[in-house]
10 protein chains.
Amino acid sequence: MAPIDDALLASILRRSRQNNEVLGITGILCVQRDPGLFLQVLEGGRAEVNRLYAHIVGDARHYDATLLDYAEIDARSFTSWRMGSVDLDKVNRSIVLRHSSGSAMDPYSMSAAGALAMLEELASGAAIVNKDGP
Amino acid sequence: MAPIDDALLASILRRSRQNNEVLGITGILCVQRDPGLFLQVLEGGRAEVNRLYAHIVGDARHYDATLLDYAEIDARSFTSWRMGSVDLDKVNRSIVLRHSSGSAMDPYSMSAAGALAMLEELASGAAIVNKDGP
Amino acid sequence: MAPIDDALLASILRRSRQNNEVLGITGILCVQRDPGLFLQVLEGGRAEVNRLYAHIVGDARHYDATLLDYAEIDARSFTSWRMGSVDLDKVNRSIVLRHSSGSAMDPYSMSAAGALAMLEELASGAAIVNKDGP
Amino acid sequence: MAPIDDALLASILRRSRQNNEVLGITGILCVQRDPGLFLQVLEGGRAEVNRLYAHIVGDARHYDATLLDYAEIDARSFTSWRMGSVDLDKVNRSIVLRHSSGSAMDPYSMSAAGALAMLEELASGAAIVNKDGP
Amino acid sequence: MAPIDDALLASILRRSRQNNEVLGITGILCVQRDPGLFLQVLEGGRAEVNRLYAHIVGDARHYDATLLDYAEIDARSFTSWRMGSVDLDKVNRSIVLRHSSGSAMDPYSMSAAGALAMLEELASGAAIVNKDGP
Amino acid sequence: MAPIDDALLASILRRSRQNNEVLGITGILCVQRDPGLFLQVLEGGRAEVNRLYAHIVGDARHYDATLLDYAEIDARSFTSWRMGSVDLDKVNRSIVLRHSSGSAMDPYSMSAAGALAMLEELASGAAIVNKDGP
Amino acid sequence: MAPIDDALLASILRRSRQNNEVLGITGILCVQRDPGLFLQVLEGGRAEVNRLYAHIVGDARHYDATLLDYAEIDARSFTSWRMGSVDLDKVNRSIVLRHSSGSAMDPYSMSAAGALAMLEELASGAAIVNKDGP
Amino acid sequence: MAPIDDALLASILRRSRQNNEVLGITGILCVQRDPGLFLQVLEGGRAEVNRLYAHIVGDARHYDATLLDYAEIDARSFTSWRMGSVDLDKVNRSIVLRHSSGSAMDPYSMSAAGALAMLEELASGAAIVNKDGP
Amino acid sequence: MAPIDDALLASILRRSRQNNEVLGITGILCVQRDPGLFLQVLEGGRAEVNRLYAHIVGDARHYDATLLDYAEIDARSFTSWRMGSVDLDKVNRSIVLRHSSGSAMDPYSMSAAGALAMLEELASGAAIVNKDGP
Amino acid sequence: MAPIDDALLASILRRSRQNNEVLGITGILCVQRDPGLFLQVLEGGRAEVNRLYAHIVGDARHYDATLLDYAEIDARSFTSWRMGSVDLDKVNRSIVLRHSSGSAMDPYSMSAAGALAMLEELASGAAIVNKDGP
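These figures come from a predicted structure and were not determined experimentally.

1. Brief notes about the overall build of chain A
In terms of regular secondary structure, chain A is built from four helices and four strands. Counted from the first residue to the last, chain A has its helices and strands arranged as α-β-β-α-β-α-α-β. Over its C-alpha atoms chain A spans a radius of gyration of 14 Å, differing by no more than 12% from the 14 Å that the globule rule assigns to 134 residues. Seen along its three principal axes, the alpha-carbon backbone of chain A occupies a region of about 40 × 35 × 30 Å. Taken over 134 residues, chain A has a buried fraction of 45%. Taken as a whole, chain A presents about 6,400 Å² of accessible surface, with 55% of it coming from carbon and sulfur. Positive and negative charge centroids in chain A, built from 13 and 17 side chains respectively, lie 5 Å apart.

2. Topic: the relation of the copies chain B and chain A
Turning one copy of the chain about an axis and sliding it along that axis gives the other copy, so a rotation and a shift relate them. In screw terms, the move from chain B to chain A is a rotation of 72 degrees and a rise of 0.2 Å along the axis, fitting with an RMSD of 0.0 Å. Viewed as a symmetry operation, the transformation between the two copies matches a five-fold axis. No C-alpha of chain B lies nearer the rotation axis than that of Ser-124 of chain B, which sits 18 Å from it.

3. Re the environment of Ala-115 of chain J
Positionally, Ala-115 of chain J belongs in helix 4 (residues 112-124). Separated by 47 residues in sequence, Ala-115 of chain J and Leu-68 of chain J place their C-alpha atoms 7.7 Å apart.

4. So, the pattern of salt bridges
In the structure shown here, the tally under the stated rule is 50 salt bridges over all chains. Residues Asp-6 of chain I and Arg-33 of chain I are paired through a salt bridge, measuring 2.6 Å at the closest nitrogen-oxygen approach. Pair noted here: Asp-6 of chain I is in helix 1 (residues 6-23) and Arg-33 of chain I is in the loop between strand 1 (26-32) and strand 2 (37-43), with a separation of 27 residues, a long-range link. Look at Asp-6 of chain I and you get partly exposed, because its relative accessible area is 37%. A relative accessible area of 16% means that Arg-33 of chain I is categorised as buried. Among the salt bridges present, the one from Glu-121 of chain J reaches Arg-98 of chain J, with a minimum N-O distance of 2.6 Å. Of this pair, Glu-121 of chain J sits in helix 4 while Arg-98 of chain J sits in helix 3 (residues 93-98), and the two are 23 residues apart along the sequence.

5. Notes on the side chain of Thr-26 of chain J
Tracing the backbone through its elements, the reader meets Thr-26 of chain J in strand 1 (residues 26-32). At 3.0 Å, the side chain of Thr-26 of chain J forms a polar contact with the side chain of Arg-76 of chain J. Each residue touching Thr-26 of chain J, except ones within four places of it in the same chain, is listed here: Leu-97 of chain H together with Val-41, Leu-42, Glu-43, Arg-76, Phe-78, Thr-79, Trp-81 and Arg-82 of chain J.

6. Quick notes on the pairing of strand 2 (residues 37-43) of chain G
It is a general feature of regular strands that their side chains alternate between the two faces of the sheet. Residue and element names in this part refer to chain G. Residues Leu-37, Leu-39, Val-41 and Glu-43 of strand 2 are buried on one face, while the alternating residues Phe-38, Gln-40 and Leu-42, pointing to the opposite face, are not. For strand 1 (residues 26-32) and strand 2, the ladder comprises seven bridges, and the chain directions are antiparallel. Within the sheet, the bridge partner assigned to Val-31 lies in strand 2 and is Phe-38. Where strand 1 folds back onto strand 2 in an antiparallel hairpin, the turn is made up of four residues.

7. A look at helix 1 (residues 6-23) of chain A
All names here are of chain A. Along its 18 residues, helix 1 runs 25 Å from first to last C-alpha, staying within 8% of the 26 Å computed at 1.5 Å per residue. Along helix 1, the positions that sit buried rather than exposed are Leu-9, Ala-10, Ile-12, Leu-13, Ser-16, Arg-17 and Asn-20. Along the axis of helix 1, the buried positions cluster into a sector of 160 degrees, meaning they face one direction only. Away from its buried face by more than 90 degrees, helix 1 exposes Ala-7, Gln-18 and Val-22. Measuring from the backbone nitrogen of Ala-7 back to the side-chain oxygen at the start of helix 1 gives 3.3 Å, which picks out Asp-5 as the cap.

8. Examining the packing of helix 2 (residues 46-58) of chain C against helix 2 (residues 46-58) of chain D
Running from N to C, helix 2 of chain C and helix 2 of chain D point in directions that differ by 100 degrees, and their axes come no closer than 10 Å. In terms of axis orientation, helix 2 of chain C runs roughly perpendicular to helix 2 of chain D. Counting all contacts with helix 2 of chain C, which are made through Asn-50, Tyr-53, Ala-54 and Val-57 of chain C, the residues of helix 2 of chain D involved are Asn-50, Tyr-53, Ala-54 and Val-57 of chain D.

9. A short note on the interface of chain A and chain F
Quite often, the size of an interface is put as the accessible area lost when its parts meet. Contact residues are listed per partner, giving 19 residues for chain A and 19 residues for chain F. For the pair chain A and chain F, the interface holds 13 residue pairs in polar contact (both at pLDDT 80 or more). Looking at which element gives the most residues to the side of chain A that touches chain F, the answer is helix 2 (residues 46-58) of chain A, with five residues.

10. Some words on the pairing of strand 1 (residues 26-32) of chain B
Residue and element names in this part refer to chain B. Of all seven residues in strand 1, seven are buried; the element is thus mostly enclosed. Every second residue of strand 1 is oriented toward a common face, with Thr-26, Ile-28, Cys-30 and Gln-32 on one face and Gly-27, Leu-29 and Val-31 on the other, all of them buried. Bridge count for strand 1 against strand 3 (residues 84-87) is four bridges, and the pairing is parallel. By the bridge assignment for strand 3, Leu-29 is matched with Ser-85.

11. A word on the packing of aromatic side chains
Residue and element names in this part refer to chain G. Applying the stated rule across the entire model yields 10 aromatic pairs over all chains. Consider the rings of Phe-78 and Trp-81, whose centres lie 6.4 Å apart with planes at 50 degrees: the pair is tilted. In terms of burial, Phe-78 and Trp-81 fall into one category: buried.

12. Observations regarding the sheet that holds strand 3 (residues 84-87) of chain I
Residues and elements named next belong to chain I. Read from one edge to the other, the open sheet built from three strands follows the order 2-1-3, with strand pairing classed as mixed. Bordering the open sheet on either side are strand 2 and strand 3, each of which pairs with just one other strand. Taking each pair of neighbouring strands and ignoring which way they run, the sheet shows an average axis angle of 15 degrees. Contacts from helix 1 reach strand 1, strand 2 and strand 3 within the one sheet, and its direction differs from that of strand 1 by about 175 degrees.

13. Some points on the interface of chain B and chain A
Taken residue by residue, the interface counts nine residues in chain B and eight residues in chain A. Note on chain B versus chain A: buried area summed over both sides is about 690 Å², and carbon and sulfur give 48% of it. Taken together, the connections running from chain B to chain A amount to six residue pairs in polar contact (both at pLDDT 80 or more). Split by residue class, the side of chain B that touches chain A holds one nonpolar, five polar and three charged.

14. Re the environment of Leu-29 of chain J
Residues and elements named next belong to chain J. Counting through the fold element by element, Leu-29 comes out in strand 1. The exposure class assigned to Leu-29 is buried, which follows from its relative accessible area of 3%. In this structure Leu-29 touches Leu-9, Ile-12, Leu-13, Phe-38, Leu-39, Gln-40, Met-83, Gly-84, Ser-85 and Val-86, once residues within four positions along its chain are discounted.

15. As for the sheet that holds strand 4 (residues 128-129) of chain F
Residues and elements named next belong to chain F. Strand order across the open sheet formed by four strands is 2-1-3-4, with mixed pairing between neighbours. Each edge of the open sheet is held by one strand with a lone partner, namely strand 2 (37-43) and strand 4. Against the sheet, helix 1 (residues 6-23) makes contact with strand 1 (26-32), strand 2, strand 3 (84-87) and strand 4, and its axis sits at roughly 175 degrees relative to strand 1, the strand it touches most.

16. Section: unusual backbone geometry
Residue Pro-35 of chain I is bonded to the preceding Asp-34 of chain I through a cis peptide linkage, with omega at 0 degrees. Looking at the element boundaries, Pro-35 of chain I is found in the loop between strand 1 and strand 2. Despite not being glycine, Asp-64 of chain A has its phi angle at roughly 55 degrees, a positive value. Along the polypeptide, Asp-64 of chain A turns up in the loop between helix 2 and strand 3 (84-87).

17. What about the relation of the copies chain A and chain F?
Of the transformation superimposing chain A on chain F, the axial component is 0.0 Å and the angular component is 180 degrees, with the fit at an RMSD of 0.0 Å. Taken together, the rotation and translation relating the two chain copies correspond to the operation of a two-fold axis. For chain A, the minimum C-alpha distance to the rotation axis belongs to Tyr-70 of chain A and amounts to 2.5 Å.

18. Overview of a nonpolar patch on the surface
A surface patch of nonpolar side chains, amounting to about 340 Å² of accessible area, comprises Met-1, Tyr-63 and Tyr-108 of chain A. Its location among the elements puts Tyr-108 of chain A in the loop between helix 3 (93-98) and helix 4 (112-124).

19. What about helix 4 (residues 112-124) of chain F?
Think of an α-helix as 3.6 residues a turn; residues three or four steps apart then line up on the same face. Compared with an ideal rise of 1.5 Å per residue, which puts 13 residues at 18 Å, helix 4 of chain F spans 18 Å between its outermost C-alpha atoms and is within 8% of the ideal. The set of residues buried in helix 4 of chain F consists of Ala-112, Gly-114, Ala-115, Met-118, Leu-119 and Leu-122 of chain F. Buried positions in helix 4 of chain F, seen along its axis, are confined to an arc of 165 degrees and lie on one side of it. Residues of helix 4 of chain F that are buried in the fold lie against helix 2 of chain A together with strand 1, strand 2, strand 3, helix 3 (93-98) and strand 4 of chain F.

Rules of the game
- Residues numbered from 1 in each chain as written.
- Chains lettered and ligands numbered in written order.
- Predicted model: local features only at pLDDT ≥ 70, side-chain atom pairs only at ≥ 80, totals over all residues.
- Heavy atoms only, no water.
- Helix = DSSP H or I, 4+ residues; strand = E, 2+ residues; numbered from the N terminus.
- Rg over C-alpha atoms; globule rule 2.2 N^0.38 Å.
- Buried < 20%, exposed > 50% of the residue type's maximum accessible area, 1.4 Å probe, protein only.
- Areas by Shrake-Rupley, 256 points an atom, 1.4 Å probe, with all protein chains shown as cover.
- Lys, Arg positive; Asp, Glu negative; His and termini not counted.
- Charge placed at Lys NZ, Arg CZ, Asp CG, Glu CD.
- Least-squares fit on C-alpha atoms with pLDDT ≥ 70 in both.
- Salt bridge = Lys/Arg side-chain N within 4 Å of Asp/Glu carboxyl O.
- Polar contact = N/O pair within 3.5 Å; in protein donor to acceptor, adjacent residues only side chain to side chain.
- Contact = heavy atoms within 4.5 Å.
- Pairing = 2+ DSSP bridges.
- Expected span 1.5 Å × (residues − 1).
- Arc of directions from axis to C-beta.
- Axes fitted to C-alpha atoms, helices over the stretch in contact; angles between N-to-C directions.
- Parallel < 35°, antiparallel > 145°, perpendicular 65-115°, else oblique.
- Phe/Tyr/Trp six-rings, centres within 6.5 Å; stacked < 30°, edge-to-face > 60°.
- Buried area = accessible area lost by both parts, 1.4 Å probe.
- Nonpolar A, V, L, I, M, F, W, Y, C, P; charged D, E, K, R; others polar.
- Patch = residues over 30% accessible without salt bridge, like charges linked within 9 Å, V, L, I, M, F, W, Y side chains within 5 Å.

Written out as structure tokens, the structure reads:
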């Protein structure tokens with residue numbers, strides 16, 4: 001939960017977009033700077049997504065990596081982003097509030113359906129960007 | 001059922017909005033001045049909503065506090081209001097009439113579904129305000 | 001089935017609107033002048049609607065009063081009218097034709113669903129008026 | 001709500017069964033002796049059921065006759081009875097309790113669905129008899 | 001969360017059954033002795049259930065009273081019990097495990113649907129008794 | 001995909017059952033001896049299941065750990081087993097065949113629904129045992 | 001509506017069964033003797049059923065031939081009968097009553113669904129015979 | 001299947017519209033000139049539609065009259081036409097193609113649903129006219 | 001459509017069962033001897049089933065090979081048979097009749113749903129055998 | 001999987017459009033030039049589509065012809081094209097990506113539903129052309 005600074009975020013996004021191009025993975029990465037927190041969607045082939053998730057779980061810089069949902073899908077929802085980024089600190093608070101039981105975002109306590117609904121609401125707005133960093 | 005005057009209403013709304021900010025609670029409060037009557041929606045975490053409701057039930061200024069519905073929800077509906085207020089005396093009467101069996105509003109005899117439909121109709125109109133009082 | 005003249009219709013509507021205001025009843029009254037025929041919707045509390053219907057059944061000027069449907073409803077549909085009136089002789093014939101098996105309107109042979117669909121089509125058009133008479 | 005004695009009940013059932021044979025009407029009559037109360041189902045042709053209901057409404061011995069439900073049905077449910085009778089004072093109290101909000105039966109406050117469910121539960125048990133009286 | 005001894009439980013059940021007879025309330029009370037915990041179902045009229053719940057909330061011997069669900073129902077499910085009691089310490093652990101995310105029962109973290117499913121599974125087994133105490 | 005011998009399997013099951021008792025996790029472990037292959041179900045709290053899965057992914061003795069499905073559930077299905085074991089080599093082949101596109105079991109190519117259906121069919125039969133090993 | 005005597009019925013059934021064998025048609029024929037009335041089901045290929053129906057309509061011995069329903073079906077329901085016969089005068093009256101609005105059977109006023117439900121109830125009982133006549 | 005010339009078509013439409021006015025029947029008549037073929041919709045009372053269909057079946061100028069569907073309807077779809085006419089030779093071919101298995105229209109091989117869908121597509125376009133003939 | 005003699009059928013079944021064991025294919029083969037006709041179900045992997053079907057289409061001894069249905073399935077239905085055989089000449093005729101428009105089986109005119117329903121009815125009876133031939 | 005050059009594609013499209021006009025077949029042909037790959041939809045009568053598919057399977061220039069789906073349809077979706085062509089190399093990559101698990105299109109691993117969704121998305125865009133070739 002240490003703060004996430006610009007350099008770290010930019011490096012994560014840059015490497016993630018390079019890898020995802022190769023792996024055929026799409027998705028978005030929501031970031032809260034302090035306390036540091038990621039909420040991420042990955043879409044792609046079963047083997048590729050699992051290999052990437054194993055990599056994330058094994059990455060010593062993360063901890064408490066927790067799946068909220070994992071399912072076979074009929075079609076991808078986030079094809080516009082190799083790894084779009086959302087700065088949760090700049091997002092309209094009512095989006096977070098609508099899908100949270102408390103005032104602050106706590107993905108660990110969100111239902112899978114609630115997290116997906118929030119991510120779709122973010123994706124349908126203008127909150128997602130493709131540039132590598134802040 | 002004593003009349004509700006401006007001072008009382010303003011004080012209820014002011015304190016309610018302060019508390020709800022802290023508790024992460026949203027909702028609206030419909031007020032009928034005379035005979036005095038409140039119809040209220042609270043959205044938030046289970047523990048916070050229950051604690052607030054216990055406070056309302058124990059408040060000697062209210063009586064006959066009655067739940068019409070209580071349920072886990074997928075998403076909040078009233079995120080625009082820490083505690084929006086609706087002056088039922090100024091609302092289009094056909095909204096009340098559509099969801100009541102008689103001419104006057106009697107929430108004690110409303111079905112849960114009917115009360116929710118009326119509250120949603122109020123929320124989708126311009127009847128809800130955020131200012132503290134009359 | 002005797003013809004219904006202007007004076008009779010005006011008196012029925014006037015008294016009906018006065019009573020419905022008190023009883024919290026809304027609805028519409030479709031009138032065919034000759035042969036005389038009424039098709040009516042009443043919305044309101046269970047006790048009030050039953051009391052009014054008993055009054056209609058006991059009124060010597062009517063006969064063959066027949067219920068087509070009676071049900072608990074989630075919300076009223078005719079809140080704009082204390083007792084709106086529809087002159088069936090002036091209504092677009094295709095509305096009547098769409099919901100009738102023959103060319104002329106015969107509510108006694110209409111299904112409950114057919115009658116409701118016709119009344120909703122009338123209500124959504126401009127066929128209903130509030131003035132007391134012809 | 002005056003008490004209903006054996007002679008009255010027997011006379012009502014006898015006449016009802018004679019008339020229903022002619023009118024093609026079937027149904028059941030639930031009786032509570034004191035305070036006197038009837039809960040009745042009528043099944044049959046639209047004209048016949050309406051004519052019989054007008055008769056009931058106009059009968060000076062009844063008051064507060066109130067419809068709970070009235071609908072077109074796909075098939076009758078009570079074909080075994082010209083007018084079966086149920087003595088509510090002898091019925092298993094848990095049947096009444098299951099469909100009532102209070103301890104005593106109060107059909108005026110029952111929902112249409114609740115009343116129908118109770119009547120079907122009575123019909124599927126052995127509570128209904130065909131003999132004319134107590 | 002103080003332990004609940006036999007005398008306390010017997011007194012709660014005795015008084016509860018007396019009151020519920022008068023109020024027309026049915027339900028069951030699941031008890032865990034140590035740490036002390038109640039999980040309770042109340043069925044009855046809206047006014048009666050609310051009045052009883054206000055009493056429970058205001059009872060200094062309880063704290064953290066929390067509603068899991070509250071809804072209008074079509075029919076009662078627990079008509080066999082004025083207030084049946086379930087000793088959770090003696091119940092087959094797989095029933096609790098099936099509806100809990102952890103090994104121990106923690107109703108505060110149960111979903112409304114999960115709690116209801118567990119209560120129905122208890123009711124359909126032989127776990128509920130009517131005697132006043134241990 | 002190296003063969004799994006009795007000692008390895010017994011040690012996995014013994015440790016798994018000890019841990020699951022503490023973590024409140026239930027499930028089953030299907031084993032194919034040669035080529036070595038596990039198909040496993042874990043049920044429990046979100047945090048516990050994720051922590052255990054991270055442990056599995058990081059365990060150097062496994063590779064290609066692949067999630068087939070991960071979802072919030074209304075109730076557990078495998079409460080009878082801390083970690084039941086299924087010897088796929090001894091299971092009726094028509095169970096495997098029914099849910100596979102080829103003759104041999106290949107979970108990597110199974111749909112999530114197909115794998116769940118096969119596991120439920122195994123659980124409803126007598127294929128699952130609790131003893132620690134062969 | 002002239003009475004139908006044994007000779008007529010036997011001749012109709014004999015010829016019908018011969019023809020249906022050739023045409024691949026199955027079904028049942030319900031007969032009321034006096035006043036004479038047939039209610040018939042025909043199942044088969046589109047061309048064959050239409051050719052047979054044209055024959056029935058053009059047969060001077062029938063009049064007022066009226067279709068109640070005609071539809072493409074997923075599977076036949078009456079494969080046991082080339083043309084089973086039902087003597088409506090001998091059938092349990094409650095079957096007719098259940099699907100009729102009056103006491104006597106009047107197929108002209110039956111809904112398609114009601115007629116089909118009655119025919120299926122007849123078919124599932126022992127009312128249908130295959131012998132040629134009375 | 002003989003060609004249909006203008007005089008024949010005009011005479012059929014003229015007489016059909018006169019009769020339908022009296023019988024309360026509405027519908028459309030699709031005509032293919034050579035080989036001559038009609039596809040027709042009739043809407044109206046059960047007795048009237050059956051009488052008209054018997055007349056069509058018995059008319060020596062037609063042969064192979066075949067019903068594609070016949071059903072009770074909630075509301076008419078073709079109230080704008082006493083008997084609207086569609087010249088299939090002038091209709092956009094993709095409408096016919098969409099609902100046919102081959103290139104040419106062959107109603108005898110169309111499913112009921114396919115024929116209805118084609119007729120509704122024709123009715124919602126500008127293909128239907130009311131004038132008596134070519 | 002030449003007759004199918006015992007030698008041909010036995011050779012087809014023998015080779016088919018050998019191949020299907022290797023390909024992981026299951027299914028049944030319905031045979032009508034004269035005129036010769038096969039109706040077959042194949043279940044298995046996409047590539048295997050397509051390769052086998054290409055082989056059937058290219059086999060000079062068959063002609064007019066026609067697919068009735070082809071779909072991804074959740075689970076196989078015919079796992080008991082490498083290639084079960086059904087002698088349609090010995091099957092209860094009412095099974096064929098129930099799913100055919102005419103008296104004789106004509107799979108070319110059967111709907112996909114009708115053919116599947118007939119095959120499932122055959123499979124649930126005792127009509128399918130595994131021995132290689134007559 | 002050899003590359004597909006302009007001459008080959010033009011000749012395939014020309015002949016396909018000629019044949020389809022005669023057979024009443026419509027559809028689209030998606031082409032990837034290198035490695036060469038076709039994804040095709042055929043709509044039409046059962047016999048015609050099967051005959052054409054047998055021809056494709058038997059055509060030595062193709063191999064690994066694989067059905068993704070085959071079903072009876074209520075209406076055609078591609079009536080605008082005798083055989084529309086789509087150059088997959090020029091299509092918006094996000095359409096392919098949305099329905100693929102990897103970055104490149106691999107129809108052999110697509111689900112039937114995914115392939116259909118991609119084809120419909122292509123058809124609703126401007127990707128399909130009718131000219132014979134590149």
